[in-house]
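An overview of the molecular structure
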Amino acid sequence: LARSFDGPFITKHNQGGKGLGIKLFHSAEQLAEHLDAPDFDPGPNGQIILQQYIEPAEPYITRVDIVGGRFLFAMRSSTEDGFELCPSDACQLPSSAPAVCPIDGADADSEAEAPKFRPSPLEANDPLVKQLITLCMGAGLDQAGIEFIEDREGHRYTYDINGTTNYNSAVGNAVGVDGMREIARHLRHVDVVAAAHMHGGGAVLQHRLSRASSFHQAGLATPSHCGWMSFEKLRRAWARVHSVMTR
């Protein structure tokens, strides 16, 4: 398979995060040496994916953050030092003697270095952003961090959809958006809408909770047909709706 690529290719773990396992290769022979190395890591489930490498016009990828069908901001992640591009502040701290401050992204030993993560000039009216929002709404994704790369010809390739996402505080401070706060606001809105439709979806939820409770008390599993949630999930969902109704 590696010999079928016309040019460089990358490997990545079939499961996992942070960009772990992503490496660039220029030949099948180079990959074979890597696979035979004693420190080769096959990933959580022992499966490796091969993908054609797309050379970017500039050494960065762009991540578009969306919450509740709204564009929050876009972020550029530098690939100059590799492909481990987890934006979370926790991912930026070395295991010992951390030099990076997650609040401002500054390295005490190299303040002149360009930050690994920085705001992108991409705006909400960009055609690709609109397509990604439509994609999220169609797939039922309330939040997503979607990554794409642009090649030298200006072609954009969307290659990663993160259904859960992390935010970088330095970028958030720069654009004036707190991603986690926006998620909390969206969830509150969802709760209010659920309560407002109590005689529709909320009533169904309450009915299902009542029936699930009967199964639970009898020591039986909640029916899995018709998209039923587990008893505990139903109980938590109803608690959120009820708390909004009684505020």
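Residues numbered from 1 in each chain as written. Predicted model: local features only at pLDDT ≥ 70, side-chain atom pairs only at ≥ 80, totals over all residues. Heavy atoms only, no water.

What follows concerns the sheet that holds strand E5 (residues 70-78). Ordered by their spatial adjacency, five strands build an open sheet running E6-E5-E4-E7-E8, and the pairing between neighbours is antiparallel. Both edges of this open sheet fall to strand E6 (117-119) and strand E8 (156-162), since each of them pairs with a single strand only. Shown here is a sheet whose adjacent strand axes are inclined to one another by a mean of 30°, direction ignored. The sheet contact formed by strand E7 (residues 143-150) and E8 spans six bridges and is antiparallel. (Pairing = 2+ DSSP bridges. Helix = DSSP H or I, 4+ residues; strand = E, 2+ residues; numbered from the N terminus. Axes fitted to C-alpha atoms, helices over the stretch in contact; angles between N-to-C directions.)

For the rest of this paragraph, the subject is the packing of aromatic side chains. Enumeration according to the criterion identifies three aromatic pairs in this entry. On the numbers, 5.3 Å between centres and 20° between planes, the contact of Phe-5 with Phe-9 is stacked. The class for Phe-9 is buried, based on a relative accessible area of 1%. Aromatic side chains Phe-9 and Phe-25 sit 5.9 Å apart centroid to centroid with 25° between the ring planes, which places their arrangement in the stacked category. Of this pair, Phe-9 sits in strand E1 (residues 9-13) while Phe-25 sits in strand E2 (residues 23-25); the two residues are 16 residues apart in sequence, bridging distant segments of the chain. Among the aromatic residues, those joined into a cluster by ring pairs are Phe-5, Phe-9 and Phe-25. (Phe/Tyr/Trp six-rings, centres within 6.5 Å; stacked < 30°, edge-to-face > 60°. Buried < 20%, exposed > 50% of the residue type's maximum accessible area, 1.4 Å probe, protein only.)

Interpreting fine coordinate detail is not advised for predicted regions of low pLDDT. Looking at the protein chain as a whole, its pLDDT mean stands at 75, while 66% of the residues score no less than 70. With pLDDT under 50 throughout, residues 95-111 is counted as low confidence; its partners more than four residues away or in other chains account for 21 contacts. This model gives residues 220-229 a pLDDT under 50, and the stretch forms 17 contacts once residues within four places in sequence are excluded. (pLDDT = per-residue confidence, 0-100. Contact = heavy atoms within 4.5 Å.)

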